[in-house]
Amino acid sequence: MEIWYVFVVVPIVGAFIHFFIRKERTKNRLIEVLLLWFLGFGIGVGSIFSGLAQVLSPEMVAQSVGWPNTPFLREVGFANISYGILGLISIKYRSFWAPTIIAYAVFMWGAAIGHIYNINQTGNLAAGNAGAVLYLDILMPILFILLLLAYHKTRGVADTKN
């Protein structure tokens, strides 16, 4: 299940295309478009995709993580689907941005702690437990929080067009 990069690359590419085909090219607009794409596609589509994989094919997900397949994996799948739905709603409603980012950050950082604990206890370096996936679990919420803070900071600030 090595398609995680799609949910990082597509939002970046999509946001830049979206940004450059529009006339309004301010710093705030760039941040807004990045947030829209990351929340809608990265968290929204990505989390629903991950959640459906966990719910419908938990044995495949368990194998990629190097953990046993337990009923708990389906519960985690529904958690993924829940903030995926929040991400999709965030496309239309800006008031969902902070709650979506908070839910995503809590879950991903909790998952990262679990993966680090598992690595320390068992040495499990499976692709779904260590490496890029683990780093993204930690770094993506930080990126989203920083983007949200920057969006609010640059909102209403006179920005010169470039």
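Residues numbered from 1 in each chain as written. Predicted model: local features only at pLDDT ≥ 70, side-chain atom pairs only at ≥ 80, totals over all residues. Heavy atoms only, no water.

Asks: Explain helix H1 (residues 6–21) to me, and be specific about the residues and the numbers.
Replies: Over its 16 residues, H1 runs 22 Å from end to end, which matches the ideal 22 Å to within 8%, given 1.5 Å per residue. Phe-7, Val-8, Pro-11, Gly-14, Ala-15, His-18 and Phe-19 are the residues of H1 that are buried. Viewed end-on, H1 has its buried residues packed into an arc of 150°, placing them on one side of the element. Those residues of H1 that are exposed and angled more than 90 degrees off the buried face are Ile-17 and Ile-21. For H1, the elements touching its buried residues are helix H2 (27–56) and helix H6 (132–154). (Helix = DSSP H or I, 4+ residues; strand = E, 2+ residues; numbered from the N terminus. Expected span 1.5 Å × (residues − 1). Buried < 20%, exposed > 50% of the residue type's maximum accessible area, 1.4 Å probe, protein only. Arc of directions from axis to C-beta. Contact = heavy atoms within 4.5 Å.)

Asks: With reference to specific residues and values, describe the pattern of salt bridges.
Replies: For the coordinates displayed, the defined rule picks out two salt bridges. Glu-32 serves as the salt-bridge partner of Arg-29, at 2.8 Å between the closest nitrogen and oxygen. On the criterion of helical spacing, the pair formed by Arg-29 and Glu-32 is a turn pair, its members being three residues apart in helix H2. Both residues of the pair, Arg-29 and Glu-32, count as buried. One salt bridge in this structure joins Arg-94 and Glu-32, with 2.8 Å as the shortest N-O distance. In this pair, Arg-94 is assigned in the loop between helix H4 (72–92) and helix H5 (97–122) and Glu-32 in helix H2, connecting sequence segments 62 residues apart. The exposure class assigned to Arg-94 is partly exposed, which follows from its relative accessible area of 35%. The class for Glu-32 is buried, based on a relative accessible area of 11%. It is possible to trace a salt-bridge network through shared partners that takes in Arg-29, Glu-32 and Arg-94. (Salt bridge = Lys/Arg side-chain N within 4 Å of Asp/Glu carboxyl O.)

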